[in-house]
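# Observations on the model geometry
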Amino acid sequence: MKERMMSIVWTGDLDTGIEVIDNQHKRIVDYINQLGAAIQQGDRAPVGRVLNELVDYTVSHFAFEESLQEEAGYELAKPHKGVHDRFIKRIALYQERYSAGDDISSELHGMLSTWLVHHIKRDDMAYVTEVRANIQDIVSGKKQGIVDGWLRRFFK
């Protein structure tokens, strides 16, 4: 019998107040919960598929988050990117182990569940004030030139 995977339940203490970021985080939570469901099925193929989708989505989320931090002039943007880079390397090791035939599913699910919640509460909440203020300035038109530059860079 497969062990019971605990689902991550989104709670208010995970909200950053930046809707686009919160929606991306919720999507990552959905992927982690899909991984748990795939583990429950006991079928290796869905685990690999969810792992690959999760990695692709998370990498794009990190790039988006980092661009918001850079645009806001967040002074800890480089260390935050370092946290993201280390996470990506860690996940790459799980992908290698999976490809080699190792059953990494339960270990991966536990690591992802713990890492994401801690990352949001600790690392992401640290940039929220500056990024939200920058977004407000853009929305209010105080930084019109930035909107054009940001959109140009984002859609490259």
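Described below are features of the structure shown in this document. Along each chain, the written sequence defines residue order, and numbers are assigned to residues from 1. Two thresholds apply to this predicted model, a pLDDT of at least 70 for residue-level local features and 80 or more for giving and counting side-chain atom pairs, whereas whole-chain, interface and lining totals are computed over all residues. Calculated side-chain values reflect all of the structure's heavy atoms, with hydrogen atoms and water omitted.

### Focus: empty space enclosed by the protein
Only protein atoms enter the 1 Å grid used here. Points where a 1.4 Å probe fits but cannot escape make up a cavity, open sets with protein on both sides within 12 Å along at least five of seven lines make up a pocket, and a residue lines them when an atom lies within 4 Å of a point. Grid points are joined across faces, edges and corners, and a volume is the space filled by probe spheres set on the points. Throughout the structure, instances matching the rule amount to two cavities of 30 Å³ or more. Looking at the largest cavity, its volume works out to about 70 Å³. Together, His25, Ile28, Ile32, Thr58, His61, Phe62, Phe87, Leu112, Trp115, Leu116, His119 and Asp124 line the largest cavity. Breaking the lining of the largest cavity down by element, the ones donating at least two residues are helix H1 (19-41), helix H2 (44-72) and helix H4 (105-139). Only DSSP runs of H or I covering at least 4 residues are called helices, and only runs of E covering at least 2 are called strands; the numbering of each starts at the N terminus. Per-element tally for the lining of the largest cavity: the top contributor is H4, with five residues. In this structure, the second largest cavity encloses a volume near 60 Å³. As for the second largest cavity, its lining consists of Leu54, Val55, Thr58, Val59, Phe87, Ile88 and Ile91. Among the residues forming the lining of the second largest cavity, the class breakdown is six nonpolar, one polar and no charged. Residues were grouped as follows: Ala, Val, Leu, Ile, Met, Phe, Trp, Tyr, Cys and Pro as nonpolar; Asp, Glu, Lys and Arg as charged; and all remaining residues, including Gly, as polar.

### Quick look at the packing of aromatic side chains
Pairing of aromatic rings covers Phe, Tyr and Trp, the last through its six-membered ring, and needs centres within 6.5 Å; plane angles under 30 degrees mean stacked, over 60 mean edge-to-face, and all others mean tilted. Summed over all chains, the structure comprises five aromatic pairs. Their ring planes at 50 degrees and their centres at 5.8 Å tell us that Tyr31 and Tyr57 sit as a pair that is tilted. With Tyr31 in helix H1 and Tyr57 in helix H2, the pair connects residues that are 26 residues apart, well separated along the chain. For the pair Tyr31 and Tyr57, one class covers both residues: buried. Partly exposed describes any residue whose relative accessible area lies between the buried limit of under 20% and the exposed limit of over 50%, with all areas from a 1.4 Å probe on protein chains only and scaled to the type maximum.

### Some details on H4
Multiplying 1.5 Å by the helix residue count minus one yields the expected span of that helix. Helix length check: H4 (35 residues) gives 42 Å between terminal C-alpha atoms against 51 Å at 1.5 Å per residue, more than 12% under. To obtain the bend at a residue, axes are fitted to the seven residues ending there and to the seven starting there, and the angle between these axes is taken. The largest bend in H4 comes to about 45 degrees, at Asp124.

### Here we look at the packing of H2 against helix H3 (residues 77-99)
For the pair H2 and H3, interaxial distance at closest approach is 11 Å and the crossing angle is 165 degrees. Judged by the angle between their axes, H2 and H3 are roughly antiparallel. The interaxial crossing formed by H2 with H3 has left-handed handedness. Classifying every residue of the contact of H2 with H3 gives 11 nonpolar, eight polar and four charged. Note on definitions: angles span 0 to 180 degrees between N-to-C directions of axes, and those axes are lines fitted to C-alpha atoms, for helices only across the stretch in contact. What sets the label is the angle itself: under 35 degrees gives roughly parallel, over 145 gives roughly antiparallel, 65 to 115 gives roughly perpendicular, and the rest give oblique. A crossing counts as left-handed when the near helix is turned anticlockwise from the far one by less than a right angle, and as right-handed when that turn is clockwise.

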